[in-house]
Amino acid sequence: MVTGSAGPAGCGIAPPVRHASGEGFRDVMRHFPTGVTVLTTTGPAGPHGMTANAVMSVSLHPPTALAAVHRDTVTHGLLRAATAFTVNILAADQTELALLFARSHPDEDPFLQAPWRPSPVTGTPVLTQSLAVLDCHLQRRVTVADHTLVIGTVTDARVQRPGADPMVFSRRAFQTVTKTPS
Ligand SMILES: Cc1cc2nc3c(=O)[nH]c(=O)nc-3n(C[C@H](O)[C@H](O)[C@H](O)COP(=O)(O)OP(=O)(O)OC[C@H]3O[C@@H](n4cnc5c(N)ncnc54)[C@H](O)[C@@H]3O)c2cc1C
């Protein structure tokens, strides 16, 4: 279904763009599998992280990564001041971590349950059991609708668990990759 309405003709204001319904968009995107990450940064209270799948590589030269962060999250507030973030790519056996960092933590420190160390390059938290890690210097923030795109130059890229299967998020469920026989 498409919603939205045209503005008055000739008023000098661009008419609103017709757009699909949010539910239709979500339904389509559920059919677009992604990896799952924990996006970490450091704030005044110490390490902070949130589960994120709106993460992508942007460029190889220089290596550049991007994450889309909702404006209502604590992470969003921290990334307004931060100079660095880390993308911790999760393995298929890390569902607990994905769920842990997908909820609010007003009274608990999730990093007590998730072993971590500061990145030697940026100082941001690296989850020691994550499958792979991108340390990023935060280069730009771009506000789009109710999210901010945080764009970072990758200063360090490491696979921590070679051979482990990546976690996949698709159709609202954590899954793993099944290789099709060739
Ligand atoms: C598979 C998966 C993928 C996801 N991908 C993404 C993604 O790509 N991008 C994304 O943005 N989210 C994503 N999320 C959701 C995200 O993980 C959760 O919203 C998470 O709780 C955010 O954690 P947080 O600690 O940053 O914020 P939270 O502490 O969880 O803050 C969010 C809630 O707290 C409230 N809040 C925020 N700041 C304050 C404040 N200063 N004072 C009082 N209340 C406040 C907000 O209203 C909101 O209800 C994903 C979740 C899952 C399960």
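Calculation rules
Residues numbered from 1 in each chain as written. Predicted model: local features only at pLDDT ≥ 70, side-chain atom pairs only at ≥ 80, totals over all residues. Heavy atoms only, no water. Near = heavy atom within 4 Å. Polar contact = N/O pair within 3.5 Å; in protein donor to acceptor, adjacent residues only side chain to side chain. Areas by Shrake-Rupley, 256 points an atom, 1.4 Å probe, with all protein chains shown as cover. Helix = DSSP H or I, 4+ residues; strand = E, 2+ residues; numbered from the N terminus. Nonpolar A, V, L, I, M, F, W, Y, C, P; charged D, E, K, R; others polar. UniProt positions renumbered as here; feature names shortened; annotations may be inferred. Buried < 20%, exposed > 50% of the residue type's maximum accessible area, 1.4 Å probe, protein only. Pairing = 2+ DSSP bridges. Axes fitted to C-alpha atoms, helices over the stretch in contact; angles between N-to-C directions.

Chemist: Where do I start with the site of the ligand in this structure?
Modeler: Residues in close proximity to the ligand total 19 residues, the closest being His48, Thr51, His70, Thr75 and Ser104. Separating an oxygen atom of the ligand from a backbone N or O atom of His70 is a distance of 2.7 Å. When the ligand sits alone it has 980 Å² of accessible area, and the protein chains cover 62% of it. Of all the elements in the fold, those that place two or more residues in the shell around the ligand are strand E5 (46-52), strand E7 (63-70) and helix H2 (74-81). Ranked by residues supplied to the shell around the ligand, first place goes to E5 with 4 residues. Grouping the constituent residues of the shell around the ligand by class yields 10 nonpolar, 7 polar and 2 charged.

Chemist: What am I meant to see in the UniProt feature "domain: Flavin reductase like" (unreviewed entry) in the chain here?
Modeler: Those places that UniProt annotates as "domain: Flavin reductase like" (unreviewed entry) correspond, in this numbering, to residues 29-176. Across residues 29-176 one finds 10% helix and 51% strand; the C-alpha atoms that close the span lie 18 Å apart.

Chemist: For this particular structure, what's the right way to read the pairing of strand E8 (residues 84-89)?
Modeler: Note on strand geometry: in a regular strand, side chains alternate between the two faces of the sheet. For E8, the buried fraction is high: 5 of the 6 residues fall into the buried class. As judged from the 6 bridges shared by E8 and strand E11 (residues 132-144), these two strands associate in the antiparallel manner. Bridge pairing in E11 places Ala84 opposite His137.

Chemist: Is there a simple way to think about the sheet that holds strand E13 (residues 167-170) in this case?
Modeler: Two pairing modes exist for strands in a sheet, parallel and antiparallel, and in both the strands are linked by backbone hydrogen bonds. On the basis of which strands lie adjacent, the open sheet formed by 3 strands has the order E3-E13-E14 and antiparallel pairing. Strands at the two margins of the open sheet, each flanked by one partner only, are strand E3 (34-35) and strand E14 (173-176).

Chemist: What should I look at first to understand the sheet that holds E8 in this one?
Modeler: Pairing in this open sheet of 7 strands is antiparallel, and the strands run E5-E4-E8-E11-E12-E7-E6 from one edge to the other. A single partner strand is all that each edge strand has here, and the edge strands are E5 and strand E6 (55-60). On average, adjacent strands in this sheet sit at an angle of 35 degrees to one another, irrespective of strand direction. Sheet topology note: the E7/strand E12 (residues 147-159) ladder contains 7 bridges and is antiparallel. Bridged to Val69 within E12 is Thr148.

Chemist: Sorry if this is basic, but what is going on with unusual backbone geometry here?
Modeler: Trans is the prevailing form of peptide bonds, just as negative phi is the prevailing case for residues other than glycine. Across the junction of His61 and Pro62, the peptide omega takes the value 0 degrees, indicating a cis bond. Tracing the sequence through the fold places Pro62 in the loop between E6 and E7. Although it is not a glycine, Ala145 adopts a positive phi angle of roughly 50 degrees. Turning to its location among the elements, Ala145 is positioned in the loop between E11 and E12. One non-glycine residue, Arg171, lies in the positive phi region at around 50 degrees. Relative to the helices and strands, Arg171 is located in the loop between E13 and E14.

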